[in-house]
Amino acid sequence: MDEPTSQYPPIPADDLKRNLTLAQIDQEKALPHIGLVGDTYTIIVTGAETAGRFCEIDMHIPPGGGPPPHRHDFEETFVILEGEMEATFRGQKSIVKAGDTINIPANAPHRFHNTSSQATRLLCICSPAGQEEFFAAVGTPVATRTTPPPKLDETEQAEFMKKIMALAPKYRTELLKEA
């Protein structure tokens, strides 16, 4: 503590335009729930609330659920709250369970998939923010944190994939054949 502080830049002043964010999952009616690829994602903290630094998403992944292999240019951390899932990172598969945390570095191919017979619940933190906007743009609003998205017929599924492929580059995401 004896070091002179002048050699370090000063800490910026408090930004009084930014407010405390309090997301109460038990009072989830106020939070957006998005159905996507069979999963339900609840947006807990948005990039608008963190000056773009990160977003936080509560993910309900039913058995067999999870997104296809993909990559994106932002960090993604998963904290497994309930259940377990298979995480594929650069082709290597691991089983991660409640209490585990994994971080996917930016640009790395990956996938998470619920191979168990029980639903899995994760907290996902993306830094910088933006993934929550992608989910809102391509997903379907649903009623609660565990409400599944509507089933899509073949035509609706084709339209959904067309929409994802068109919007993915805007949100710095690339779908892959393998993780």
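Peer 1: Explain the overall build of the protein to me, and be specific about the residues and the numbers.
Peer 2: Scanning the protein from terminus to terminus reveals 2 helices and 12 strands. Written out in order from the N terminus, the α and β elements of the protein read β-β-β-β-β-β-β-β-β-β-α-β-α-β. Over its C-alpha atoms, taken along the principal directions, the protein stretches across nearly 65 × 35 × 35 Å. Long-range pairs, those at least 24 residues apart, make up 71% of the contacts in the protein between residues at least 6 apart in sequence. In the form shown here, the protein has an accessible surface area of approximately 10,800 Å², with 55% of it arising from carbon and sulfur atoms. When the 17 basic and 25 acidic side-chain charges of the protein are each reduced to a single mean position, those positions are 4 Å apart.

Peer 1: Provide a residue-level description of the pattern of salt bridges, including the pertinent values.
Peer 2: Tallying each qualifying case throughout the model produces 6 salt bridges. One salt bridge connects Arg121 with Asp58, and the closest N-O pair in it is separated by 2.6 Å. With Arg121 in strand β10 (residues 120–127) and Asp58 in strand β3 (residues 55–61), this pair connects stretches of sequence that are 63 residues apart. Salt bridges sharing partners connect three or more residues here, namely Asp58, Glu82, Arg121 and Arg145.

Peer 1: If you had to explain the side chain of Arg121 to someone new, which residues and values would you point to?
Peer 2: Overall, the relative accessible area of 14% leaves Arg121 in the buried class. Engagement of the side chain of Arg121 in a polar contact is seen with the side chain of Asp58, the distance being 2.6 Å. What Arg121 contacts, discounting residues up to four positions off in sequence, is Ile25, Asp58, Met59, Val79, Ile80, Leu81, Glu82 and Arg145.

About the cut-offs
Residues numbered from 1 in each chain as written. Predicted model: local features only at pLDDT ≥ 70, side-chain atom pairs only at ≥ 80, totals over all residues. Heavy atoms only, no water. Helix = DSSP H or I, 4+ residues; strand = E, 2+ residues; numbered from the N terminus. Contact = heavy atoms within 4.5 Å. Areas by Shrake-Rupley, 256 points an atom, 1.4 Å probe, with all protein chains shown as cover. Lys, Arg positive; Asp, Glu negative; His and termini not counted. Charge placed at Lys NZ, Arg CZ, Asp CG, Glu CD. Salt bridge = Lys/Arg side-chain N within 4 Å of Asp/Glu carboxyl O. Buried < 20%, exposed > 50% of the residue type's maximum accessible area, 1.4 Å probe, protein only. Polar contact = N/O pair within 3.5 Å; in protein donor to acceptor, adjacent residues only side chain to side chain.

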